[in-house]
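Reading the structure
Chain by chain, the residues:
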Amino acid sequence: MEVYAGGRSQGKLEYVLKKKGLGRDVVVYGSNLKTVYGSDGQLSIELDNKYLVIDHFHELTRHYADMPEVLYGFAEKLVNERDDIIIISDQAGGGIVPLDMEDVEWRELHGRIMCKLVRNACHFERIICGIGQVIK
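What counts, and at which threshold
- Residues numbered from 1 in each chain as written.
- Predicted model: local features only at pLDDT ≥ 70, side-chain atom pairs only at ≥ 80, totals over all residues.
- Heavy atoms only, no water.
- Pairing = 2+ DSSP bridges.
- Helix = DSSP H or I, 4+ residues; strand = E, 2+ residues; numbered from the N terminus.
- Axes fitted to C-alpha atoms, helices over the stretch in contact; angles between N-to-C directions.
- Contact = heavy atoms within 4.5 Å.
- 1 Å grid on protein atoms, 1.4 Å probe; cavity = no way out; pocket = protein on both sides within 12 Å on 5 of 7 lines; lining within 4 Å.
- Points joined across faces, edges and corners; volume = space filled by probe spheres on them.
- Nonpolar A, V, L, I, M, F, W, Y, C, P; charged D, E, K, R; others polar.

Here six strands make up an open sheet; going across it, the order is β2-β5-β6-β1-β7-β8 and the pairing mixed. In the strand order of this sheet, the two ends are held by β2 (27–29) and β8 (131–134), each with one partner. Looking at each pair of strands side by side, their axes are set apart by 25 degrees on average, direction ignored. For strand β1 (residues 2–6) and strand β6 (residues 86–90), the ladder comprises five bridges, and the chain directions are parallel. Across the sheet, residue Glu 2 finds its bridge partner in β6, namely Ile 86. Across the sheet, helix α4 (residues 101–120) is in contact with β1, β6 and β7 (123–128); its angle to β6 comes to roughly 150 degrees.

On to the layout of surface pockets, then. Estimates place the volume of the largest pocket at around 260 Å³. Secondary-structure elements contributing two or more residues to the lining of the largest pocket are α2 (57–63) and α4. Looking at the lining of the largest pocket residue by residue, the class counts come to five nonpolar, five polar and five charged.

Rendered as structure tokens:
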């Protein structure tokens, strides 16, 4: 698993696609991932194996912020089953402290999930103005 993060509109997707030689056909946007009920009756987020890149991962965590157990389960599934996946996310919490408690809780949830993913990733880069800075 590889993780790329940076500020909004910093050229993260273009950077990753060029670096990896991939096309947009293997990209799914976080907000487009849907939940399904498994055979065990548990709700989970579905990711088709044809996708190698999840862009706007922060939108996924925002969309399902009221279901943290589903997000943690999805992160665990990515860590255990998808070592080929590339996650691209905006940074959350880089400066402005939100006034709305819902935004504060989402930012903390997103941060915890990103920490889990980065901890288990083989590669992590921060993208600034389309330039990668290797962290791990």
